[in-house]
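# Coordinate analysis (summary)
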Amino acid sequence: MSVELVTGQSPSDRINTELSSRRTGMSFQRTRMSADRTLMSVIRTALSLISFGFTIFQVFQKLRDAGTLAHAAAPRNFGVTLVLLGILMLIAGIIYHVLFMAGLRRERGAMRDAGLIHAETGYPVSFTLITAVILLLVGLVAISSMVFNVGPFTDGSAT
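Criteria and thresholds
- Residues numbered from 1 in each chain as written.
- Predicted model: local features only at pLDDT ≥ 70, side-chain atom pairs only at ≥ 80, totals over all residues.
- Heavy atoms only, no water.
- Salt bridge = Lys/Arg side-chain N within 4 Å of Asp/Glu carboxyl O.
- Buried < 20%, exposed > 50% of the residue type's maximum accessible area, 1.4 Å probe, protein only.
- Helix = DSSP H or I, 4+ residues; strand = E, 2+ residues; numbered from the N terminus.
- Contact = heavy atoms within 4.5 Å.
- 1 Å grid on protein atoms, 1.4 Å probe; cavity = no way out; pocket = protein on both sides within 12 Å on 5 of 7 lines; lining within 4 Å.
- Points joined across faces, edges and corners; volume = space filled by probe spheres on them.
- Nonpolar A, V, L, I, M, F, W, Y, C, P; charged D, E, K, R; others polar.
- Expected span 1.5 Å × (residues − 1).
- Polar contact = N/O pair within 3.5 Å; in protein donor to acceptor, adjacent residues only side chain to side chain.

Our focus in this paragraph is the pattern of salt bridges. Scanning the model with the defined rule gives two salt bridges in all. For Arg 64, the salt bridge identified is with Asp 65, shortest N-O distance 3.4 Å. Among the residues examined, Arg 64 registers a relative accessible area of 26% and is labelled partly exposed. Here Asp 65 falls in the partly exposed class, since its relative accessible area comes to 40%.

And the structure:
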């Protein structure tokens, strides 16, 4: 009686299973990188909103301080709104990314436990996520500077 009859697997079946397992493991890595790219898109858009809103706020604040404009409330509010929108977008992107990655890790762990993939390498914390959190902190400091006239992004003059 040969080994093939007892196990039901020929050497070529074991090779096919191994290749399939490796391809599935690689697909998890590709999915992880895709989630990072999605978060990078959120970061790019949020950064644009935050920086554009802060710039609008500063330009009209300087024009008002110089006496060129009597009232700069509408542009000021528009700038604050853009910064707030960028911050909210970033918060939503971070939450989505964290939840997606937690689900991906759970799925990967279940497949590893079932022996369907090797999962020899871990999932390190994403540098993109770290960057998003740092940008969120910068955005929060910027909006506090705009609204309360405190922080490193203010010139100290009364609003």
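It is worth spelling out the side chain of Arg 108 at this point. Assignment of secondary structure puts Arg 108 in helix α3 (residues 73-113). Given the relative accessible area of 9%, Arg 108 is considered buried. Apart from the residues lying within four places of it in its own chain, the contact partners of Arg 108 are Phe 28, Gln 29, Ile 117, Ala 119, Glu 120, Thr 121, Gly 122 and Tyr 123.

Okay, empty space enclosed by the protein next. With the rule as written, the count across this model stands at two cavities of 30 Å³ or more. Put simply, the second largest cavity is a space of about 40 Å³. Lining of the second largest cavity is provided by Ala 35, Thr 38, Leu 39, Val 42, Gly 93, Tyr 96 and His 97. Going through the elements one at a time, α2 (11-65) and α3 are the ones with two or more residues in the lining of the second largest cavity. Broken down by element, the lining of the second largest cavity gets its largest block of residues, four residues, from α2. Its residues assigned to classes, the lining of the second largest cavity comprises four nonpolar, three polar and no charged.

In this structure, Asn 149 takes a positive phi of about 55 degrees despite not being glycine. On the secondary structure map, Asn 149 appears in the segment after α4 (127-148).

This brings us to α4. The terminal C-alpha atoms of α4, which comprises 22 residues, lie 31 Å apart, in line with the 32 Å expected from a rise of 1.5 Å per residue. Buried within α4 are the following residues: Thr 128, Leu 129, Ala 132, Leu 135, Leu 136, Gly 139, Ala 142, Ile 143, Ser 145 and Met 146. One side-chain oxygen of the residue at the start of α4 lies 3.1 Å from the amide nitrogen of Thr 128, identifying that residue as Ser 126. After α4 finishes, the residue Asn 149 shows a positive phi value of roughly 55 degrees.

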